[in-house]
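Residue-level structural notes
As a plain string of letters, each chain reads:
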Amino acid sequence: MSQPIRSALISVYYKDRLGPLVELLSQHGVTMYSTGGTQQFIEEQGAAVTAVETLTGFPAVFGGRVKTLHPTVFGGILHRRHEASDLAEAAQHGIPPIDLVVVDLYPFEETVASGAAEADVIEKIDIGGISLLRAAAKNYRDVLVVSSRDQYAAVTELLVQKNCATDLEDRKQYAAVAFATTAHYDTEIGRYFTGSESPASAEKTDSSNQTPLRYGENPHQAGTFHGDLSALFDQLHGKQLSYNNLVDVDAAVLLMREFEAAGPAACAILKHTNACGVAQADTLHQAYLNALSCDPVSAFGGVIIVNKPVDAATAEELNKLFFEVLIAPEFEAESLPLLQSKKNRILLRQKPVQFPAKQVKTLLNGTIEQDFDQAIEGAAEFKTVTESAPTSDEVAALEFALKICKHTKSNTIVLARAGQLLASGVGQTSRVDALRQAIEKAGSFGFDLNGAVMASDAFFPFPDCVEIAGAAGIRAVVQPGGSIKDQDSIAACNQLGMAMVLTGVRHFKH
């Protein structure tokens, strides 16, 4: 049941990110009601807004403790549009309908965490806001409720797509998040009063920080993000991150963790969580060009991440490519206007953050958990097992290739030179197929494999991979070892004059 939004009540603590939603509502002629600082913010956006006091005929009292708690406000939210008696009562008492409620709650947890005095903490217990959320969520048949600033971008995009209207399923999904938000909020207040656990240190329940997504992996699947993206990124431009964007962004961030910001400039381009281009260079501009050269076809519509601030020269090159997301530690002022010239392009400024030590995944009728794969092997861990040892340049190339290999779907083979991905075979059911895919791909983009190196995420069960790689010009190999036939692959390397090092650590990725 599609329902247009004709009126909205907006009363928020944090005003950042609210501007685009206000602009959209104003463009569609939506009547907006608001209070205090939010009303002032809306007016500063050049939009028409009616004070709640004008709507109710009653002023805010007790220092603002009572502003929206009034039958006209709650009647406008709760009256049922499909019930003739409700419509008659609303008309009798002059209660206009409210179709959209946008409220974010007072920052109770943040106030506790700051060490504020008890009187200040008590004042940050939201009464009107939480009542508005519950009322709007209860009447989701008729009202859309937005319960967090993390949802502003998502709901704006939803309303753009649906011409400022919503479907019943949209409203129900946002209502579920609102109830989860109020439940978490009350739980934290209870913890504060009982002293059982500090809200600042308590692990948040799964119900907190939920952002509905347009859909899941595919349009017929519903999707929700659980977490606080604002703790990791400042979104400087673009549409809401989709489910698939988030999956790729996660893969990109984890890969770039292997390339320290203090080291050479690095750029990675990912598609469906796998790197299709990775490079290091003296400048970010050159690193990007080198990464793009690896597979400019797959780079189209990809996710790009860098470990240095984006400068104007790099931005000019980036702007020539259609990509979904760009992640950087910073954007120089000259680069932003150019990168923001594409309306939907997502620009993320990454913040320092501590990642969880565990990975959790739903499986069958439960979940599985494991430690994050934080191991990475370098020259100190390499054990040469062939008659010839890799040169210093080959060692650097093997270290580089192994970093990429660790973050690529198994079975995988990565072909590289120092600081330059040449090609990879990704997600194949056999290792030899992955190698053949990588060799063919390198050739299709004009890369000469003579003198290049090869990394494998797991051991070689047979010597065929070494033999095929040697025939293609590969001169050094890194693999974990552990096969009962390791010696066959070692012997093949010796026969072909190749170097092989073992790490003893497998890096499967499924």
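Residues numbered from 1 in each chain as written. Predicted model: local features only at pLDDT ≥ 70, side-chain atom pairs only at ≥ 80, totals over all residues. Heavy atoms only, no water.

Considering the overall build of the chain
Definition in use: Here a strand is any run of E in DSSP of at least two residues, a helix any run of H or I of at least four, and the numbering for each starts at the N terminus. Contacts are assigned to residue pairs with any non-hydrogen atoms lying within 4.5 Å of each other. Note that accessible areas follow from Shrake-Rupley with a 1.4 Å probe, and for residues the cover is restricted to the protein chains shown. Residues scored as positive are Lys and Arg, those scored as negative are Asp and Glu, and His as well as the terminal groups of each chain are ignored. Where a charge lies is defined by one atom per residue type: Lys uses NZ, Arg uses CZ, Asp uses CG and Glu uses CD.
Summing up its helical and strand segments, the chain has 19 helices and 23 strands in all. Viewed in the frame of its principal axes, the chain has a C-alpha envelope of about 95 × 50 × 40 Å. Partitioning the contacts of the chain with sequence separation of at least 6, the portion at a separation of at least 24 is 58%. Total accessible area computed for the chain in this model is approximately 23300 Å², and 52% of it derives from carbon and sulfur atoms. In the chain, 42 positive and 60 negative side-chain charges are present, and the distance between their average locations comes to 4 Å.

Some remarks on the pairing of strand β22 (residues 476–479)
Every regular strand shows the same layout, with side chains that alternate between the two sheet faces. What counts here: The rule is simple: take the accessible area with a 1.4 Å probe, protein chains only, and divide by the maximum for that residue type; under 20% is buried, over 50% is exposed, in between is partly exposed. For two strands to be treated as a pair, DSSP must find at least two bridges joining them. Call a crossover right-handed when, viewed with both strands pointing away from you, the route from the first strand across the helix to the second goes clockwise.
Along β22, one buried face is formed by Ala476 and Val478 and the opposite face, lined by Val477 and Gln479, is buried too. In the sheet, strand β21 (residues 453–456) pairs with β22 via three bridges, with the strands oriented parallel. The residue bridging Ala455 from the neighbouring strand is Val478, located in β22. Each parallel crossover has a hand, and for β21 linked through helix α18 (residues 464–472) to β22 it is right-handed. Of the strand pairs in this sheet, β22 and strand β23 (residues 499–502) are connected by four bridges, and their pairing is parallel. Of the residues in β23, the one forming a bridge with Val477 is Met500. In this fold, β22 hands off to helix α19 (residues 486–496), which returns the chain to β23; that crossover is right-handed.

Comments concerning the pairing of β23
Here β23 shows no split at all, with Ala499 and Val501 on one side and Met500 and Leu502 on the other all buried. For strand β18 (residues 383–384) and β23, the ladder comprises two bridges, and the chain directions are antiparallel. What sits directly across from Lys383, in β23, is Leu502.

Regarding the side chain of Ser335
Structurally, the position occupied by Ser335 is in the loop between β14 (325–328) and α15 (336–339). With residues up to four places along the chain from it excluded, the contact list for Ser335 reads Val310, Asp311, Ala312 and Ala315.

Here we look at helix α16 (residues 392–406)
Note the threshold: In this analysis, the expected span of each helix is defined as 1.5 Å times one less than the number of residues it contains.
The terminal C-alpha atoms of α16, which comprises 15 residues, lie 21 Å apart, in line with the 21 Å expected from a rise of 1.5 Å per residue. Those residues of α16 lying buried are Glu394, Val395, Ala397, Leu398, Phe400, Ala401, Leu402, Ile404, Cys405 and Lys406.

Quick notes on the sheet that holds strand β2 (residues 7–12)
Going by this rule: Fitting a line to C-alpha atoms yields each axis, with helices limited to the stretch in contact; the angle taken between N-to-C directions then spans 0 to 180 degrees.
One open sheet accounts for five strands, arranged β4-β3-β2-β5-β6; its pairing is parallel. Bordering the open sheet on either side are β4 (50–51) and β6 (144–146), each of which pairs with just one other strand. Inspection of the sheet shows β2 paired to strand β3 (residues 31–34) by four bridges, in the parallel sense. The residue bridging Leu9 from the neighbouring strand is Tyr33, located in β3. Strands β2, β3 and β5 (100–104) of the sheet are contacted by helix α1 (residues 19–27), whose axis makes an angle of about 135° with β3. Of the strands in this sheet, β2, β5 and β6 are in contact with helix α8 (residues 128–138), which crosses β5 at around 145°.

So, the packing of α18 against α19
The line we're drawing: Throughout, the term roughly parallel applies to angles under 35 degrees, roughly antiparallel to angles over 145, roughly perpendicular to angles from 65 to 115, and oblique to all others. Put simply, a crossing is left-handed when the front helix is turned counterclockwise from the back one by less than a right angle, and right-handed when it is turned clockwise. Throughout this entry, Asp, Glu, Lys and Arg are counted as charged residues, while Ala, Val, Leu, Ile, Met, Phe, Trp, Tyr, Cys and Pro are counted as nonpolar. The remaining residues, Gly among them, count as polar.
Interhelical geometry of α18 versus α19 gives an angle of 20° and a closest axis separation of 8 Å. Between α18 and α19, the crossing angle belongs to the class labelled roughly parallel. When the axes of α18 and α19 are compared, the crossing they make is right-handed. Contact with α18, carried on its side by Val466, Glu467 and Gly470, involves Ser489, Ala492, Cys493 and Leu496 of α19 and no other residues of that element. Of the residues belonging to the contact of α18 with α19, the class tally is four nonpolar, two polar and one charged.

Some details on the confidence of the model for the chain
How we decide: pLDDT is a per-residue confidence score from the predictor, ranging from 0 to 100.
The predicted model of the chain averages 91 in pLDDT, with 97% of residues at 70 or higher. Confidence drops under pLDDT 50 across residues 198–207; counting only partners more than four residues distant or on other chains, this segment forms 20 contacts.

Brief notes about the packing of α1 against helix α9 (residues 152–161)
Two elements in contact, α1 and α9, have axes whose closest approach is 9 Å; the angle formed by their N-to-C orientations is 25°. Judged by the angle between their axes, α1 and α9 are roughly parallel. The chirality of how α1 crosses α9 is left-handed. Residue-level contacts link Pro20, Leu21, Leu24 and Leu25 of α1 to Val155, Thr156, Leu159 and Val160 of α9. In the contact of α1 with α9, the residues fall into seven nonpolar, one polar and no charged.

Some remarks on α19
Cut-off, in case you're wondering: Working note: the arc is built from the helix axis to C-beta atom directions.
Of all the residues in α19, the buried ones are Asp486, Ser489, Ile490, Ala492 and Cys493. The arc that holds every buried residue of α19, seen down its axis, measures 160°, which confines them to one face. Set apart from the buried face of α19 by more than 90 degrees, the exposed residues are Gln487 and Gln495. Buried residues along α19 sit in contact with α18, β22 and β23.

Describing the packing of aromatic side chains
Put simply, the rule is: Centre distance within 6.5 Å is the pairing criterion for rings of Phe, Tyr and Trp, where only the six-membered ring of Trp is used; planes under 30 degrees apart are then read as stacked, over 60 as edge-to-face, and the remainder as tilted. In this scheme, the term charge over a ring applies when either NZ of a lysine or CZ of an arginine sits within 6 Å of the ring centre and within 35 degrees of the ring normal.
Here the structure, examined in full by the defined rule, presents seven aromatic pairs. Linked through ring pairs, Phe108, Tyr185, Tyr192 and Phe193 together constitute an aromatic cluster. The aromatic ring of Tyr14 is capped on one face by Arg149, whose charged end is 3.9 Å from the ring centroid.

Here's the deal with the pattern of salt bridges
As a reminder, the rule being used: In what follows, salt bridge is the name for a side-chain nitrogen of Lys or Arg lying within 4 Å of a carboxyl oxygen of Asp or Glu.
Throughout the structure, instances matching the rule amount to 17 salt bridges. Taking the shortest distance from any N to any O, the salt bridge between Arg149 and Asp16 comes out at 3.2 Å. Of this pair, Arg149 sits in the loop between β6 and α9 while Asp16 sits in the loop between β2 and α1, placing them 133 residues apart in sequence. For Arg149, a relative accessible area of 23% gives the class partly exposed. The class for Asp16 is partly exposed, based on a relative accessible area of 37%. Put simply, Lys441 and Asp295 hold a salt bridge, and the shortest N to O gap is 2.8 Å. Here Lys441 is found in helix α17 (residues 431–444), whereas its partner Asp295 is found in the loop between α12 (284–294) and α13 (296–299), with 146 residues between them in sequence. According to the relative accessible area criterion, Lys441 is partly exposed, its value standing at 30%.

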